[in-house]
Structure formats: structure tokens, C-alpha cells
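# Remarks on the overall topology
Single-letter residue listing:
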Amino acid sequence: MFKGARLHRVRRAVQSAFLLITNSYYAAIPAASFYQGPLKGACIPALHCYACPLAWGSCPIGSLQHFVIVRQFPLYVLGLIGALGIFVGRFACGWFCPFGWFQEFVYKLRLPKFSAPNWVRHLKFVWLGAVVLGIAWWTQEPWFCKLCPAGTLEAGLPWLGWAARGSDYAEGMNFLTWLFQFKIVLLVCLVLLAGMMKRPFCRFACPLGAMFGLTNKVSMLRLNVNKETCTECGLCARTCPMDLKPHTDVGSIDCIRCYACTGCDSIKVGTVFGKP
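Below, the structure is looked at part by part. (Residues numbered from 1 in each chain as written. Predicted model: local features only at pLDDT ≥ 70, side-chain atom pairs only at ≥ 80, totals over all residues. Heavy atoms only, no water.)

### Looking at the packing of aromatic side chains
- Applying the stated rule across the entire model yields 13 aromatic pairs.
- Centre to centre, the rings of F91 and F96 are 5.9 Å apart; their planes meet at 80°, and the pair counts as edge-to-face.
- Of the residues examined, F91 reaches a relative accessible area of 19% and is grouped as buried.
- Note on F99 and F102: the rings are 5.9 Å apart at their centroids and 20° apart in plane angle, and the pair reads as stacked. Residue F99 and its partner F102 are both found in helix α6 (residues 98-106); the two are separated by three residues, about one turn of the helix. There is no split in this pair, since F99 and F102 are both buried.
- Here the aromatic cluster, defined as three or more aromatic residues joined through ring pairs, consists of F18, F91, W95 and F96.
- Here the basic side chain of K40 rests over the ring of Y50, its NZ or CZ set 4.7 Å away from the ring centre.
- Its end group placed over the ring of Y107, K113 keeps NZ or CZ at 4.2 Å from the ring centre. (Phe/Tyr/Trp six-rings, centres within 6.5 Å; stacked < 30°, edge-to-face > 60°. Buried < 20%, exposed > 50% of the residue type's maximum accessible area, 1.4 Å probe, protein only. Helix = DSSP H or I, 4+ residues; strand = E, 2+ residues; numbered from the N terminus. Lys NZ or Arg CZ within 6 Å of the ring centre and 35° of its normal.)

### Let's talk about the packing of helix α9 (residues 149-164) against helix α10 (residues 178-196)
- Direction vectors running N to C along α9 and α10 enclose 125°, while the axes themselves pass 10 Å from each other. It follows from the interaxial angle that α9 and α10 lie oblique. Remark: the crossing between α9 and α10 carries left-handed chirality. Judged by residue contacts, P149, T152, L153, G156, L157 and L160 of α9 engage F180, K183, I184, L187 and L190 from α10.
- In terms of residue class, the contact of α9 with α10 is built from eight nonpolar, two polar and one charged. (Axes fitted to C-alpha atoms, helices over the stretch in contact; angles between N-to-C directions. Parallel < 35°, antiparallel > 145°, perpendicular 65-115°, else oblique. Left-handed = near helix turned anticlockwise from the far one by under 90°. Contact = heavy atoms within 4.5 Å. Nonpolar A, V, L, I, M, F, W, Y, C, P; charged D, E, K, R; others polar.)

Here it is in C-alpha cells:
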């Protein structure tokens, strides 16, 4: 079993590999174009923008909004999230999500560090219910995608570069609108916040994380804490990228199954059957 620094390196390698594999349409770079093939119909199990020029697949939240807008039940999206979640919970957030990896990298900047009150964690369900579902149904527009900072970073800024190169694909795109400027402000604010607290978007605003998190308490893969040997030293809390206290928050909807806390011998990866 990988533990400590070795586990951290393994997770970073998996995150990097997932990012490179799902964003490897390099033909888009010299042509200033983007992938438009059949794989765009497949959802990637992480928050990742459909409009990223290098992306092969689509975002589950973007697909969910599409089904809401066209008034169809999102069986495919819910089935994907449910099938993955029932086995490993929010594992994809900790091992696959490129935007989560980006926030962890930014947190290493030498900025003042602080935490947020626990009630703020519930705001991601407001984003899910009000913006992803409610406003999309009412306006028939994918407003979460329009505002998503991950989309701004992965698609908005690259398309701005494509437009600067005179790409035919970017013809007609207007980057001087209030919406695009507002998106840039949101991204800058989030980057600053990510430098001062752990994965703020994942904890407070990510609707995909909210959906995956609901499966944590029923997933087959989970954490087992040995209360007899736990001394509550706080090591697990200091290493947790979601600012949790794993020895008391076992099964939390915010646990991303990164297993950084298993550096402590009192916490082990287990299953719903209680076996390691």
C-alpha cells in the first residue's frame, strides 16, 4: 500500500496522466481549431470543459444542463455518476479532476492561509439546484457553464489565444462582453482564494463534487479509522486537501478519497464490508 510522500507522488502522476490523456488533441494547436469528433458525446468523470480545444470528451455538468434544457431525463449522466460513485465515491475528484489539481498547486503559493466555516460547504448544493438545474430549466441556457471558472481557464483563455491568431473557428467570438470580463474576474478571485485556502471551488461551488459526494456514505470503497489507536494528533487534518478532520469526518460528502490521511497508521483504506 502506498503511503505518505510516495502516495502523493502516485496521485500526482495519475492526475497528470489523466489530464494529458483527456486533453491530447494536439492537432488543434497548429490549426487553432478544436476536436469535433464522436468522442465529444462521452462524459469525462471530472469537471472539464467541453469547449477546451484539446479535449476529447465533455463535462458531466455541461451534459446535465443540456438534458435539462431539452427537457429530457439525464439518465446517461446520472448513470455515469451513480455507477462510479457507488463503487468509489468521490474518488474522481481526488485522482482525476484537473481543476482540483490546479487548486492544490496554487495553494502552495506563499499567501496568508485561512479556513472557512463549515456551513459554506453546503453552497455547492445551491449551485447544483439553483444554477445547474433551476436557472438552466427557466432560461434554457447553460448558465453554470457560462460562469464556470474551470471553463474560463480551460476554454475561454485558449479561445482568446485562438482569436488572437486569427483562427477561422474563433470568427464572430466577442471577448469584450461584460460576461467574458466577469468570467475573468471570477477566475482571478478564485485563484487568489485557492492560494489562501484548500480547494475552495471543490468545497463550496462544484456541483459535480456535490453529486459524487452524495455517494460517499454508500460507496463500497471508504476509509476505516481505528479509534483505539487514534490519538487525535491532527496529522490527518493537516494533510487533507479538503480541510477535513478525517478521524471524525469519516464518510463526509467532502472526502475526495485522495487517501493522504492514510499516512497515519490509524486510518486505512477499506470497503463497506469493513475489510482493508
